[in-house]
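Now for the letters of each chain:
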Protein chains: 2
Amino acid sequence: MKPAEAKPPHMDHDTFRSLGHQAIDWIADYWQHLADRPVAPLVEPGTVRAQLPTTPPEYGEDFPALLSDLERIVLPGLLHWQHPRFFGYFPANASGPAVLAELLSAGLGVQGMNWNTSPACTEVEQQMLDWFVHLLGLPEHFRGGGVIQDTASSAVLVALLTALHRASAGRTRDHGTGECGYRVYLTAETHSAARKAAVITGLGLRAVCEVATDADGAMDAADLAARIQADLAAGLTPLMVVATRGTTSDLSFDPLEDIGPVCRRHGVWLHVDAAYAGVAAVCDELHWVNDGVRYADSYCTNPHKWLLTNFDCDLLWVADPEALVNALSVLPAYLRNPASESGRVTDYRHWQVPLGRRFRALKLWSVLRWYGAEGLRSHIRTGVRHARLFADLVREDDRFTLLAPATLGLVTFRHAGSDTDNRNLLHAINAEGTTFLTHSEKNGTFFLRFATGGTHTEDHHVHEAWRAVQNAVQNAVPRAQHATDGTADALNG
Amino acid sequence: MKPAEAKPPHMDHDTFRSLGHQAIDWIADYWQHLADRPVAPLVEPGTVRAQLPTTPPEYGEDFPALLSDLERIVLPGLLHWQHPRFFGYFPANASGPAVLAELLSAGLGVQGMNWNTSPACTEVEQQMLDWFVHLLGLPEHFRGGGVIQDTASSAVLVALLTALHRASAGRTRDHGTGECGYRVYLTAETHSAARKAAVITGLGLRAVCEVATDADGAMDAADLAARIQADLAAGLTPLMVVATRGTTSDLSFDPLEDIGPVCRRHGVWLHVDAAYAGVAAVCDELHWVNDGVRYADSYCTNPHKWLLTNFDCDLLWVADPEALVNALSVLPAYLRNPASESGRVTDYRHWQVPLGRRFRALKLWSVLRWYGAEGLRSHIRTGVRHARLFADLVREDDRFTLLAPATLGLVTFRHAGSDTDNRNLLHAINAEGTTFLTHSEKNGTFFLRFATGGTHTEDHHVHEAWRAVQNAVQNAVPRAQHATDGTADALNG
């Protein structure tokens, strides 16, 4: 139909302008009316796919057709993470300045794998990471050692590879992890990414040693010390402790002030995962989230959770970037260049698993400039205030028990009924559409999680969510169960 | 100065509209006038950083200030990958429909780690990957086994982890790679990512066996068979062959029709890296790039290189997704959900290293619908035509030699002078600013690479680039060297 030499139908610049304005308006409309939508989708597996053609179009079509299918097919199939009454998981909040910077980054379309493949891409990133050392009050030994990773999963993987390289004096890079007897210490509450990193690096899950926790779920430093001693006695090699400042399940904080000295004593790498909570340290009164980080060999936190920077944007710092580069660098001829060989530049490709990298620092720069440090503090404080507000509402209802005081932006609670009642309750809450919560378990007991921090969330959304929880109780839980049975208190015992 | 309870200065929806239009127009202006800029930056290390404040702003400022600093500080520090006379590396081309979809994805801000965290995010991705099986004529055993990765580096890593899991019958997941004697076969031309994957997985570089290549740089299947035999005789375990369809350095193609049967005979996992070239199979006459892929256990190609989909977007298929999931899944309570437990859905978090994931399938959907299959073919054909045009110009100048016929979108060539002359020539070309080329080496001899495929590149840009090369010869290479000395021919001998 079309001749073989037809010019590709690239979008001309004026069309890009006009469709781009439409796309911007589409997002603004989406955000503006998001509160009117159910938060969670009610779709069966396969429903979305069934509405898509089985083969791609042979000829192009106009962009508005995509926008219309987004509306018709995609939106009903999404869980709306930016919804003001989304209180599930942890937030993955976007913001105007972040989204616009993501757009600009896509338009620039540069690669930051080497310094010389776009110097500004590397240098803005270095500066932003140093800005965050200042903003979060991180130890000075992290200055110059920061890099953006996609997620905290990649951060712990990169940290573990570096720890292996250092502990083996470079041997693992050539000879593999072998029957080395390396040990990685964590707790039942440590993010699954740490176990996954043990699998990926070839250590295997048997290298993972689960340290005991106290009643709050925090790592027991005495047990850690004992396990390290026992492993040493057994001829094993303590390699890394993965400590968490703010666990995913219920925000327990491993005591770095106690763990750090144990690590120091045995030369064990201390990686600190503060993916969710670390950014809260922008506020003076929340600096405690990073207490003891001065002992860390590596540390990560995610602006893409609570700090208004759309996914992906995890910040990783290592105290010894040279070890990181040595652990991960493999250098082909086509990437050699005088700048790298001068030793005067940073080539971030050696700091990560992938080779290519986007200009993600632009998002941080844009967010920091739009909000300023004070604006970020104000956003974090709003999230904390919303959590306290919700916790107060829970506390006033004697059918419910709080599992812990609401610190930061997470409330953990459960209904007085059985686990099954609580599961049914969660299902009923989410199916109704007003709000969306998630769950977790502690000592085998099911509980509900309410996580604040949404960009567009205001006080009335918290109240609306609580009313939705109360309404769901009427429908989901047998009346006989509408009184506290003490199970939740027992959890904290 | 501001009260503690101040509301965060979120960007209101109308401001987002107006600033968003500005950002769109900024990109359109950037693309429109890109040809007037030097392609490569002339900055010394540290120049960009030196222009940024040493600490973040305490209070927010208006967005146009960022746009103005982008113009003033960042643009002079970028290598402009979207420039119509950018012919370096391989392209990483963006396009209007892809950038708009990236924007929409950022605005939606959903997470696709599990099916239930946004069903449409997973299902659109599954459909797009199946569309690409059709588009590229991939074997049917890849249908339903596709996933988007960030890069081909992550793709080969995930494939290697799956191969390890399968070969060890699940043992490595728990017990690590140990002193297992696994062997990974590749050539000197295989992308460095494969060696990096061997390091990351704990096999170490000693597990890597470099197979001989023929004069064109393609893997010698007979040598592969001999090495596998020798390894077996030595008690080692052949694990994976990483074969490349279109190497980064100079587009050699490993003969899958010969390699495949060797792999089959010994139960060795065959991973095919077609990062750059694979997408060319959208054109019937270029289907040969994927010849022999029916033998592959895993295969990847990157729409984010030549196929108008801005980075990152690598497509990976595995023939046995169950093995992949078993290799990588680690399941915490807070991510358990009825949909996953029903076995009726795909949770892509098990298909990758990170946990979180963006809605990248939206970019593919947008690109496919805007261009249609015919539009994509036309773009690939334009790139091939530009390479042939440039090769013709090189061929007509007896100071230069082509290293290979221009297949696809890469021309490899060198000046008749010494390696130093060629290095100086490349430096002179790139310093002048009209165009940007990169280099590589073959058998220790330096050569220049000219890679087409830019979204905005037209015939006249190719002519302008060639004139820039010719002009640079006058300045960079001593007159005595201006005649062929046969070195380049020797390379092909």
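Residues numbered from 1 in each chain as written. Chains lettered and ligands numbered in written order. Predicted model: local features only at pLDDT ≥ 70, side-chain atom pairs only at ≥ 80, totals over all residues. Heavy atoms only, no water.

Right, let's get into the packing of aromatic side chains. Counting across every chain of the model gives 36 aromatic pairs over all chains. Between Y348 of chain B and W351 of chain B, the aromatic rings sit 5.2 Å apart at their centres with planes inclined by 80°, giving edge-to-face as the arrangement. The pair formed by Y348 of chain B and W351 of chain B is uniform in burial state, with each residue classed as buried. Each residue in the set F87, F390, F400, F413, F450 and W466 of chain A is aromatic and connected to the rest through ring pairs, giving one cluster. Looking at R449 of chain A, its charged tip hangs above the ring of F90 of chain A, at a distance of 4.9 Å from the centre. (Phe/Tyr/Trp six-rings, centres within 6.5 Å; stacked < 30°, edge-to-face > 60°. Buried < 20%, exposed > 50% of the residue type's maximum accessible area, 1.4 Å probe, protein only. Lys NZ or Arg CZ within 6 Å of the ring centre and 35° of its normal.)

As a further point, take helix α16 (residues 459-476) of chain A. All names here are of chain A. The terminal C-alpha atoms of α16, which comprises 18 residues, lie 26 Å apart, in line with the 26 Å expected from a rise of 1.5 Å per residue. Those residues of α16 that fall on the buried side of the exposure criterion are H461, V462, A465, W466, A468, V469, A472, V473 and A476. For α16, the angular spread of buried residues about the axis comes to 155°, placing them on one side. If you follow the buried residues of α16, they end up packed against α14 (361-395), β8 (400-402), β9 (410-415), α15 (419-432) and β11 (445-451). (Helix = DSSP H or I, 4+ residues; strand = E, 2+ residues; numbered from the N terminus. Expected span 1.5 Å × (residues − 1). Arc of directions from axis to C-beta. Contact = heavy atoms within 4.5 Å.)

Right, let's talk about the packing of helix α4 (residues 96-108) of chain B against helix α14 (residues 361-395) of chain B for a bit. Between two packed helices, what matters for the description is the angle formed by their axes and the separation of those axes. Residue and element names in this part refer to chain B. At a minimum axis distance of 8 Å, the contact between α4 and α14 shows a crossing angle of 145°. The chirality of how α4 crosses α14 is right-handed. Contacts between α4 and α14 involve P97, A98, A101, E102, L104, S105 and L108 on the former and, on the latter, L362, K363, S366, V367, W370 and Y371. Here the contact of α4 with α14 is composed, by residue class, of nine nonpolar, two polar and two charged. (Axes fitted to C-alpha atoms, helices over the stretch in contact; angles between N-to-C directions. Left-handed = near helix turned anticlockwise from the far one by under 90°. Nonpolar A, V, L, I, M, F, W, Y, C, P; charged D, E, K, R; others polar.)

Looking now at the side chain of S118 of chain B. Along the polypeptide, S118 of chain B turns up in the loop between α4 and α5 (119-135). Judged by its relative accessible area of 0%, S118 of chain B is buried. A polar side-chain atom of S118 of chain B sits 3.0 Å from the main-chain amide nitrogen of L79 of chain A. Residues in contact with S118 of chain B, not counting those within four places in the same chain, are G77, L78, L79 and W81 of chain A together with V110 and Q111 of chain B. (Polar contact = N/O pair within 3.5 Å; in protein donor to acceptor, adjacent residues only side chain to side chain.)

Owing to its 3.6 residues per turn, the α-helix aligns residues three or four sequence positions apart on the same side. Residue and element names in this part refer to chain A. For helix α5 (residues 119-135), spanning 17 residues, the distance from its first C-alpha to its last is 24 Å, which sits close to the expected 24 Å at 1.5 Å a residue. Across the 17 residues of α5, 16 count as buried, placing the element largely inside the fold. In the segment just after α5, G137 is the residue with positive phi, at about 65°.

Before going further, it helps to spend a moment on the domain arrangement of chain A. Residue and element names in this part refer to chain A. Entries for chain A in the domain assignment read domain 1 (110-358) and domain 2 (367-491). Each partner contributes to the interface: domain 1 provides 27 residues, whereas domain 2 provides 23 residues. Buried surface at the junction of domain 1 and domain 2, both sides included, amounts to about 2,000 Å², of which 69% is carbon and sulfur. Three residues, S249, W306 and L308, lead the burial of domain 1 against domain 2; their summed loss comes to 33% of the area buried on that side. Here domain 1 is connected to domain 2 by two salt bridges. Its salt-bridge partner being E285, residue R381 comes within 2.7 Å of it at the nearest N-O pair. At the boundary of domain 1 with domain 2, the tally comes to eight residue pairs in polar contact (both at pLDDT 80 or more). It is α5 that contributes the most residues to the side of domain 1 that touches domain 2, four residues altogether. For the side of domain 1 that touches domain 2, the per-class residue count stands at 19 nonpolar, four polar and four charged. (Domains from an automatic or database assignment. Buried area = accessible area lost by both parts, 1.4 Å probe. Salt bridge = Lys/Arg side-chain N within 4 Å of Asp/Glu carboxyl O.)

Time to look at the pattern of salt bridges. Tallying each qualifying case throughout the model produces 62 salt bridges over all chains. Of the charged contacts in the structure, one is a salt bridge between R377 of chain B and E374 of chain B, with a shortest N-O distance of 2.8 Å. One end of the pair, R377 of chain B, and the other, E374 of chain B, are both in helix α14, three residues apart, so they sit about a helical turn from each other. For R377 of chain B, a relative accessible area of 13% gives the class buried. Connected via shared salt-bridge partners are E102, D312, R358, R360 and K363 of chain A.

A few words on the side chain of S249 of chain A. Looking at where S249 of chain A falls in the secondary structure, it is placed in the loop between β4 (237-244) and α10 (256-266). We classify S249 of chain A as buried; its relative accessible area is 4%. The contact partners of S249 of chain A, leaving out residues within four places of it in the chain, are E189, L410, T412, S440, E441, F447 and R449 of chain A together with Y334 of chain B.

Residues and elements named next belong to chain A. In this numbering, the UniProt entry assigns the feature "modified residue: N6-(pyridoxal phosphate)lysine" (unreviewed entry) to K305. Tracing the chain through its elements places K305 in helix α11 (residues 303-306). Relative accessible area serves as the criterion here: at 19%, K305 is assigned to the buried category. Excluding its chain neighbours within four sequence positions, the residues that come into contact with K305 are F90, P91, A92, N93, A275 and Y276. (UniProt positions renumbered as here; feature names shortened; annotations may be inferred.)

Looking now at the sheet that holds strand β3 (residues 208-210) of chain A. Each strand in a sheet pairs with another by means of backbone hydrogen bonds, the pair being arranged parallel or else antiparallel. All names here are of chain A. With respect to topology, seven strands assemble into an open sheet ordered β1-β7-β6-β5-β4-β2-β3, the strand pairing being mixed. Edge strands, defined here as strands with exactly one partner in the open sheet, are β1 (146-149) and β3. For this sheet, the mean angle separating the axes of adjacent strands, direction not counted, is 20°. Across three bridges, strand β5 (residues 269-273) lies against strand β6 (residues 298-301) in parallel orientation. The residue bridging H271 from the neighbouring strand is S298, located in β6. (Pairing = 2+ DSSP bridges.)

Here we take up the state of the cysteines. Within this structure, the stated rule accounts for zero disulfides over all chains. Here C263 of chain A stays unpaired: no disulfide links it, and the sulfur of C209 of chain A, its closest cysteine neighbor, is 12 Å away. Using a relative accessible area of 2% as the deciding quantity, one classes C263 of chain A as buried. Between C300 of chain B, a cysteine without a disulfide, and C313 of chain B, which holds the nearest cysteine sulfur, the sulfur-to-sulfur distance is 12 Å. (Disulfide = S-S within 2.5 Å.)

So, on to the confidence of the model for chain A. In the predicted model, chain A carries a mean pLDDT of 94, and 96% of its residues have values of at least 70. Segment residues 484-493 of chain A is flagged for pLDDT under 50; beyond a separation of four residues in sequence, or across chains, it makes 22 contacts in the model. (pLDDT = per-residue confidence, 0-100.)

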